[in-house]
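Coordinate inspection notes
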Amino acid sequence: MGKKQSKVQHSAPPPEAVQDFVEDAEEVERCVSETYGNLLSPPKLLWSVCRCDGKTDNADLVPTDCAFLPNGHLLVTNMNKQRPCLEVYDQMGKLVRKIGHDIFKPKNVMITKKGTIAVTDCRDKNVKFFTPEGKLIDQWKAKKFNFPCGIGETKDGKFVIADSDANSVTLHNRQGELVGKLNPKLAGHKNFKYPCYVVVDKKNNIIFSDSGNHCVHVYMGHNLLHLRQINTYEHNDWEANTNPNGICTDWYDNIIIADWINRDRMVSLCTRDGEVLTLLHKDEVQSPHGVAFDTNSGRLAVAEYSSVPNLKPCLKVFQMYKYLPKHH
């Protein structure tokens, strides 16, 4: 684990919103201290699945995102060209079952507050909902988006969708109706550029990777004001060689960021006080896209995907923390 120069830029919301984002200094200090004391350096690889032999395309694993189920199993989107589906792996990395063969092309996945599986489908360009057992129970209108990618859920049950081709991040009710939209100008950008992965933290902040702008944004979920921007490069000349994708948060509301095109192929962690740490180097992950954190065990899952021939798609699970925190 290496420490990097802080690249967090804070916005200046209107005065009436200040009380909404000022954090308790003691809580921040505690979380940062526990993060440093609890992190494994480097995280320990527990298991990996690299099912890509180039001979049987139907069996290849092409993972783009992942999410932990409440029972500790790992849910993975498989963007296999021939037979895309969701796959479920147990705690030892054994394939348990497949979901949705041939009915969609899953891009990103999450577990909703009600325990259902929500998936962005880039074939029908909508969102689909499944039971934990894999039964399709609902879906939004087809061709609702240009290329739906990231998905998250706010405290009040709104779904946040990053549409990579439309360069938009929008909020929808459970039926898929548009109820809000994030404004890139509040972040100092004319437009978002290929926004792709989304997560909502415990404080109801909407966090998403803005890949084309080489950064991660944090907006407040209740009023949609911009809070801060995280740049994943250390020096200015790196900017064109970074591409933040998958993001998730851990127990301490640290933000974990996968950057698949960075020259070091890093998975990084941004602490509550704005420091950016390197979790995984290029020797440990080659092309990280989706990431997921298991709050029950402190494990980190990384979905590696690339169209570059010498970079094999792979799914890896690491032990990230040494022990469960007292305040968990």
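Reading guide: rules and limits
Residues numbered from 1 in each chain as written. Predicted model: local features only at pLDDT ≥ 70, side-chain atom pairs only at ≥ 80, totals over all residues. Heavy atoms only, no water. Helix = DSSP H or I, 4+ residues; strand = E, 2+ residues; numbered from the N terminus. Buried < 20%, exposed > 50% of the residue type's maximum accessible area, 1.4 Å probe, protein only. pLDDT = per-residue confidence, 0-100. Contact = heavy atoms within 4.5 Å. Pairing = 2+ DSSP bridges. Axes fitted to C-alpha atoms, helices over the stretch in contact; angles between N-to-C directions. Disulfide = S-S within 2.5 Å. Core = buried A, V, L, I, M, F, W, Y, C linked by side-chain atoms within 4.5 Å. Lys, Arg positive; Asp, Glu negative; His and termini not counted. Salt bridge = Lys/Arg side-chain N within 4 Å of Asp/Glu carboxyl O. Polar contact = N/O pair within 3.5 Å; in protein donor to acceptor, adjacent residues only side chain to side chain. Expected span 1.5 Å × (residues − 1). Arc of directions from axis to C-beta.

Describing unusual backbone geometry
The general pattern is negative phi for most residues beyond glycine and trans for most peptide bonds. The step from Ser41 to Pro42 runs through a cis peptide bond, and the omega angle for that step is 0°. One non-glycine residue, Asn204, lies in positive phi territory at about 70°. Positionally, Asn204 belongs in the loop between strand E16 (195-200) and strand E17 (205-210). Residue Asn204 is classed as buried on the basis of its relative accessible area, which comes to 10%. One non-glycine residue, Leu224, adopts positive backbone phi at about 60°. Relative to the helices and strands, Leu224 is located in the loop between strand E18 (215-220) and strand E19 (226-231).

Looking at the confidence of the model for the chain
Per-chain confidence: the chain averages 88 in pLDDT, with 85% of residues scoring 70 or above. Below pLDDT 50 for its whole length, residues 14-19 participates in three contacts with residues either more than four positions away or in separate chains.

Section: the sheet that holds strand E3 (residues 39-49)
Taken together, four strands build an open sheet; the order of strands is E3-E26-E25-E24 and the sheet is antiparallel. Bordering the open sheet on either side are E3 and strand E24 (288-294), each of which pairs with just one other strand. Each adjacent strand pair in this sheet contributes to an overall mean axis angle of 25°, direction not counted. Of the strand pairs in this sheet, strand E25 (residues 299-304) and strand E26 (residues 314-321) are connected by six bridges, and their pairing is antiparallel.

Some details on the state of the cysteines
A covalent bond between the sulfur atoms of two cysteines is what we call a disulfide. Tallied over the full model, the rule gives one disulfide. A sulfur-sulfur distance of 2.1 Å marks the disulfide that ties Cys50 to Cys314. Across the S-S bond of Cys50 and Cys314 the torsion is about -55°, and the bridge reads as left-handed. Placement of Cys50 in the loop between E3 and strand E4 (63-68) and of Cys314 in strand E26 is noted, with a sequence separation of 264 residues between them. Using a relative accessible area of 47% as the deciding quantity, one classes Cys50 as partly exposed. Cysteine Cys149 remains unbridged, with the sulfur of Cys196 as its closest cysteine sulfur at 5.3 Å.

Points about the nonpolar core
Ranked by size, the top nonpolar core spans 20 residues in total, and within it Ile256, Leu279, Leu280, Leu300, Met320 and Tyr321 carry the most contacts. Going through the elements one at a time, strand E21 (255-259), strand E22 (267-270), strand E23 (276-280), E24, E25 and E26 are the ones with two or more residues in this core. Apart from the residues lying within four places of it in its own chain, the contact partners of Met320 are Asn38, Leu39, Leu40, Pro43, Asp250, Ile256, Leu269, Leu279, Phe293, Gly298, Arg299 and Leu300. Grouped together as the second largest cluster of nonpolar side chains are 16 residues, Cys196, Val218, Met220 and Ile257 included.

Brief notes about the side chain of Lys107
With respect to the secondary-structure elements, Lys107 resides in strand E8 (residues 106-111). Lacking a salt bridge, the buried Lys107 has Asp65 as its closest oppositely charged neighbour, with an N-O distance of 7.6 Å. Other than its neighbours up to four places away in sequence, Lys107 contacts Thr64, Asp65, Thr77, Met79, Val119, Thr120, Cys122, Phe147, Pro148, Cys149 and Tyr197.

Here we look at the sheet that holds strand E15 (residues 178-181)
Strand order in this open sheet of four strands is E12-E13-E14-E15, and the pairing throughout is antiparallel. Each having just a single partner strand, strand E12 (148-153) and E15 make up the two edges of the open sheet. Averaged over all neighbouring strand pairs, the angle between strand axes comes to 30°, with direction disregarded. As defined by bridge partners, strand E14 (residues 168-172) adjoins E15 across three bridges and the pair is classed as antiparallel. Paired with Thr170 across the bridge in E15 is Lys181.

Quick look at the side chain of Asp65
For Asp65, the position within the fold is in strand E4. At a separation of 2.9 Å, a polar atom in the side chain of Asp65 contacts the main-chain amide nitrogen of Val109. Excluding residues within four positions of it along the chain, Asp65 makes contact with Leu75, Val76, Thr77, Lys107, Asn108, Val109, Tyr197, Gly290, Val291 and Ala303.

Thoughts on helix H2 (residues 25-38)
With 14 residues, H2 extends 20 Å from end C-alpha to end C-alpha; this agrees with the ideal 20 Å at 1.5 Å per step. Every buried residue belonging to H2 is among Val28, Cys31, Val32, Thr35 and Asn38, and all of these are buried. Each buried residue of H2 lies within a common arc of 145° when the element is viewed along its axis, so the set occupies one face. Opposite the buried face of H2, at more than 90 degrees from it, the exposed residues are Ala25, Glu26, Glu29 and Ser33. The inward-facing, buried residues of H2 contact E3, E22 and E26.

Examining the pairing of strand E13 (residues 159-163)
Across the five residues that make up E13, a large majority, five, are buried. Bridge count between E12 and E13: four bridges; the pairing is antiparallel. Note that in E13 the partner of Gly152 across the bridge is Val160. Connecting the antiparallel pair E12 and E13 is a turn made up of five residues, with Gly157 showing a positive phi of about 85°. Pairing between E13 and E14: five bridges, direction antiparallel. Across the sheet, the residue bridging to Phe159 is His172, located in E14. With antiparallel pairing between neighbouring strands as the criterion, E13 and E14 make up a hairpin whose turn holds four residues, including Asn167 at a positive phi of roughly 55°.

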